[in-house]
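# Observations on chain architecture
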Amino acid sequence: GIQVEQSPPDLILQEGANSTLRCNFSDSVNNLQWFHQNPWGQLINLFYIPSGTKQNGRLSATTVATERYSLLYISSSQTTDSGVYFCAVITSGTYKYIFGTGTRLKVLA
Amino acid sequence: DAGITQSPRHKVTETGTPVTLRCHQTENHRYMYWYRQDPGHGLRLIHYSYGVKDTDKGEVSDGYSVSRSKTEDFLLTLESATSSQTSVYFCAITSDRTRGYTFGSGTRLTVV
């Protein structure tokens, strides 16, 4: 089956710094989502982004489907950005998203 | 999350006992999913449903069964709980399998 790899696995930033999280996938995908899991365990959908670029405030995401990767950019990071970021992909003919193992982000005040 | 609730939120049970987790939605979404989350593994799909009485297995379905007798409820049953099933269980819903998910708040299950 498809493999989804995220990097880096862990990231520590000082408040105000920028960061880029990467998601590589081993096969063609129909769709891709980025999620944030906050320290309380809640999973929040950030972007539904099968291709192209989207922005939402300090966060933006780009997916280059032909090259099988997606990037999540966090600018001017805040302590509330801490948590785990997951990407998940869905391939043609399936009903299910396959998740990467996540990037754990800690933003220090 | 609005429109999706999981119950119970926390449960401790003994090895060998049956356990049922409930996912309830008010969105009338067709697709429902059960995932488990464990350190180092991310989220792994247990079972999913693409309609009433239509279910299928995911990556880690052994030891689990599901039922969906009506659109709004998707039940996950551990027939005989084992310590390896200690995990956090998340339910997700979507109206279109090619689009985004909404997750429930999770159920933390401990099997002792």
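My aim in this report is to walk through the structure given alongside it, one point at a time. Just so you know, these numbers come straight off a predicted model, no measurement behind them. Every chain's residues receive numbers from 1 upward, in the order its sequence appears when written. Chain labels run from A onward and ligand labels from 1 onward, assigned in the order the entries are written. The predicted nature of this model means local features are confined to residues of pLDDT at least 70 and side-chain atom pairs, given and counted, to a pLDDT of 80 or more, with totals for whole chains, interfaces and linings taken over all residues. To obtain the side-chain values, all non-hydrogen atoms of the structure were included, while hydrogens and water were left out.

## A word on the interface of chain B and chain A
Note the threshold: Contacts between residues were defined by any pair of non-hydrogen atoms, one from each residue, lying within 4.5 Å. Note on definitions: buried area is the accessible-area loss of two parts on being combined, 1.4 Å probe, summed for both. The term salt bridge refers to a pairing of a side-chain nitrogen on Lys or Arg with a carboxyl oxygen on Asp or Glu at a separation within 4 Å. Between N or O atoms, a polar contact is any pair within 3.5 Å; within protein, one atom must be a potential hydrogen donor and the other a potential acceptor, and residues adjacent in sequence are included only when both atoms are from side chains. Under the DSSP-based scheme used, a helix requires at least four consecutive residues in state H or I and a strand at least two consecutive residues in state E, with every element numbered from the N terminus.
In this assembly, 21 residues from chain B lie in contact with 20 residues from chain A. Considering only the side of chain B, the residues that lose the most area to chain A are Leu43, Arg97 and Tyr101 of chain B, jointly responsible for 28% of the buried surface there. Applying the counting rule to chain B against chain A returns zero salt bridges. Taken together, the connections running from chain B to chain A amount to four residue pairs in polar contact (both at pLDDT 80 or more). Counting only elements with at least two residues in the side of chain B that touches chain A, the list comes to strand S4 (31-38) and strand S5 (42-51) of chain B.

## Focus on the sheet that holds strand S7 (residues 59-64) of chain A
All names here are of chain A. Under the convention used in this document: Two strands are counted as paired when DSSP detects at least two bridges linking them. Here an axis means a line fitted to C-alpha atoms, over the contact stretch when the element is a helix, while the angle between two N-to-C directions is reported on a 0 to 180 degree scale.
Judged by pairing direction, the sheet is antiparallel, and its five strands sit side by side in the order S1-S3-S8-S7-S6 without closing on themselves. Edge strands, defined here as strands with exactly one partner in the open sheet, are strand S1 (4-7) and strand S6 (52-56). Strand-to-strand twist in this sheet, taken as the mean axis angle between neighbours without regard to direction, amounts to 15°. Bridge analysis of S7 against strand S8 (residues 69-74) gives six bridges, and the strand direction is antiparallel. Within the sheet, the bridge partner assigned to Val64 lies in S8 and is Tyr69.

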